[in-house]
Amino acid sequence: MSLKNTEHSYGWISIALHWLIAIVVFGMFGLGLYMVELTYYDAWYKGSLDLHKGAGILLAIAVAGRFFWRQMNASPRGLSNKPIENLAGHLAHLGLYALLAALFITGYLISTADGRSIDVFGLFQVPASLTADNQEDIAGEIHEWLAWGLIGLVTLHALAALKHHFINRDGTLKRMIRPQK
């Protein structure tokens, strides 16, 4: 089984990064929903913020890695006979990357609005570089809308994969589970 992508299949690295990112995105979304309900005096208020920030930075690194890996590897061709479906899939993937990038930027702006760096689990720090009036509130509002948009597009992405698997029966979903021969 191949680590690299081929014209017909994703390799193990792409598959592992895809599912790792998917799991972390859903975890981050759930944690975000939980966090906004906490008050300053809740026991897990600071811990949840630190976890969300640190995981967000690591997720940004993983997404950047996946994006660069995708650029350096062959992209399996779309399996649909309909060019519009292949184009829609390509645009959806670009949309996912764009939404993730915007979420990382707004998350950074929220986290560094007070001028403090982001500590990533004691491993390293990401310095604050931009601060402005109401930055935390404005970026926070945008961050929330982007998160809901991402979950909506991820849901559409998953439904399209299921449609290809159960209706089209074209192997699209199978090649994101394990490399195909």
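In this text the structure is predicted, and so the values were computed from the model without any measurement.

**A closer look at the packing of aromatic side chains**
Step number 1: In total, this model carries six aromatic pairs according to the counting rule given.
Step number 2: Measuring from centroid to centroid gives 4.9 Å for F29 and W148, while their planes differ by 90 degrees, and the two rings are edge-to-face. You can see F29 sitting in helix α1 (residues 12-35) and its partner W148 sitting in helix α4 (residues 135-168), a full 119 residues away along the chain.
Step number 3: In this structure F29 comes out as buried when scored by relative accessible area, which is 17%.
Step number 4: For W148, a relative accessible area of 45% corresponds to the partly exposed category.
Step number 5: Seen in terms of ring centroids, F67 and Y97 are 5.2 Å apart; in terms of plane orientation they differ by 75 degrees. Their pairing is edge-to-face. Of this pair, F67 sits in helix α2 (residues 45-72) while Y97 sits in helix α3 (residues 83-111), placing them 30 residues apart in sequence.
Step number 6: Relative accessible area serves as the criterion here: at 31%, F67 is assigned to the partly exposed category.
Step number 7: Judged by its relative accessible area of 13%, Y97 is buried.

**Observations regarding the packing of α3 against α4**
For any two helices packed against each other, one specifies the crossing angle of their axes together with the interaxial distance.
Step number 1: Running from N to C, α3 and α4 cross one another at 155 degrees; their axes reach a closest spacing of 8 Å. For the element pair α3 / α4, the angle class is roughly antiparallel. The two elements α3 and α4 meet at a crossing, and its hand is left-handed.
Step number 2: Partitioning the contact of α3 with α4 into residue classes produces 15 nonpolar, eleven polar and three charged.

**Considering the nonpolar core**
Step number 1: Of all hydrophobic cores here, the largest spans 20 residues; its most connected members are I21, V25, L59, V63 and L150.
Step number 2: Residue assignment for this core shows that the elements contributing at least two residues are α1, α2, α3 and α4.
Step number 3: Among the nonpolar cores identified, the runner-up in size contains five residues, and Y108, I118, V120 and V126 belong to it.

**Observations regarding the packing of α2 against α3**
Step number 1: Contact geometry of α2 with α3 gives a least axis separation of 10 Å together with a crossing angle of 145 degrees. Like other packed secondary-structure pairs, α2 and α3 cross with a definite hand, here left-handed. Where α2 abuts α3, its residues K53, G56, L59, A60, V63, R66, F67 and R70 lie against H90, H93, Y97, L100, F104 and S111.
Step number 2: Its residues placed into classes, the contact of α2 with α3 shows seven nonpolar, four polar and three charged.

**A look at α2**
Step number 1: The first and last C-alpha atoms of α2 sit 41 Å apart over 28 residues, in line with the 40 Å expected at 1.5 Å per residue.
Step number 2: Among all positions in α2, only S48, H52, G54, A55, G56, I57, L59, A62, V63, R66 and W69 are buried.

**Some words on a negative patch on the surface**
Step number 1: A cluster of acidic side chains, namely E136, D137, E141 and E144, defines a negative patch on the protein surface.
Step number 2: In this fold, E136 is placed in helix α4.

**Some details on the side chain of H93**
Step number 1: Residue position: H93 is located in helix α3.
Step number 2: With residues up to four places along the chain from it excluded, the contact list for H93 reads R70 and H157.

**Digging into α4**
Step number 1: For α4, built from 34 residues, the straight-helix expectation of 50 Å at 1.5 Å per residue is met to within 8% by its first-to-last C-alpha distance of 47 Å.
Step number 2: Within α4 the residues assigned to the buried category are Q135, A139, H143, L146, A147, L150, I151, L153, V154, A161 and H164.
Step number 3: Downstream of α4 by a residue or two, R169 has a phi angle that is positive, lying close to 50 degrees.

**Some details on the environment of G122**
Step number 1: Here G122 lies in the loop between β1 (118-120) and β2 (124-126).
Step number 2: C-alpha of G122 to C-alpha of G54: the two residues are 68 residues apart in sequence and 9.2 Å apart in space.

**Quick look at the side chain of R175**
Step number 1: Residue position: R175 is located in the segment after α4.
Step number 2: In this structure, R175 is buried with no salt-bridge partner, the nearest side chain bearing the opposite charge being D170 at 7.4 Å.
Step number 3: Sequence-distant contacts of R175, that is, excluding residues within four places in its chain, are made with H8, Y10, I15, P76, R77, G78, L79 and Q180.

The rules behind these values
- Residues numbered from 1 in each chain as written.
- Predicted model: local features only at pLDDT ≥ 70, side-chain atom pairs only at ≥ 80, totals over all residues.
- Heavy atoms only, no water.
- Phe/Tyr/Trp six-rings, centres within 6.5 Å; stacked < 30°, edge-to-face > 60°.
- Helix = DSSP H or I, 4+ residues; strand = E, 2+ residues; numbered from the N terminus.
- Buried < 20%, exposed > 50% of the residue type's maximum accessible area, 1.4 Å probe, protein only.
- Axes fitted to C-alpha atoms, helices over the stretch in contact; angles between N-to-C directions.
- Parallel < 35°, antiparallel > 145°, perpendicular 65-115°, else oblique.
- Left-handed = near helix turned anticlockwise from the far one by under 90°.
- Nonpolar A, V, L, I, M, F, W, Y, C, P; charged D, E, K, R; others polar.
- Core = buried A, V, L, I, M, F, W, Y, C linked by side-chain atoms within 4.5 Å.
- Contact = heavy atoms within 4.5 Å.
- Expected span 1.5 Å × (residues − 1).
- Patch = residues over 30% accessible without salt bridge, like charges linked within 9 Å, V, L, I, M, F, W, Y side chains within 5 Å.
- Areas by Shrake-Rupley, 256 points an atom, 1.4 Å probe, with all protein chains shown as cover.
- Salt bridge = Lys/Arg side-chain N within 4 Å of Asp/Glu carboxyl O.
- Lys, Arg positive; Asp, Glu negative; His and termini not counted.
- Charge placed at Lys NZ, Arg CZ, Asp CG, Glu CD.

So yeah, pure geometry; function would need other evidence.
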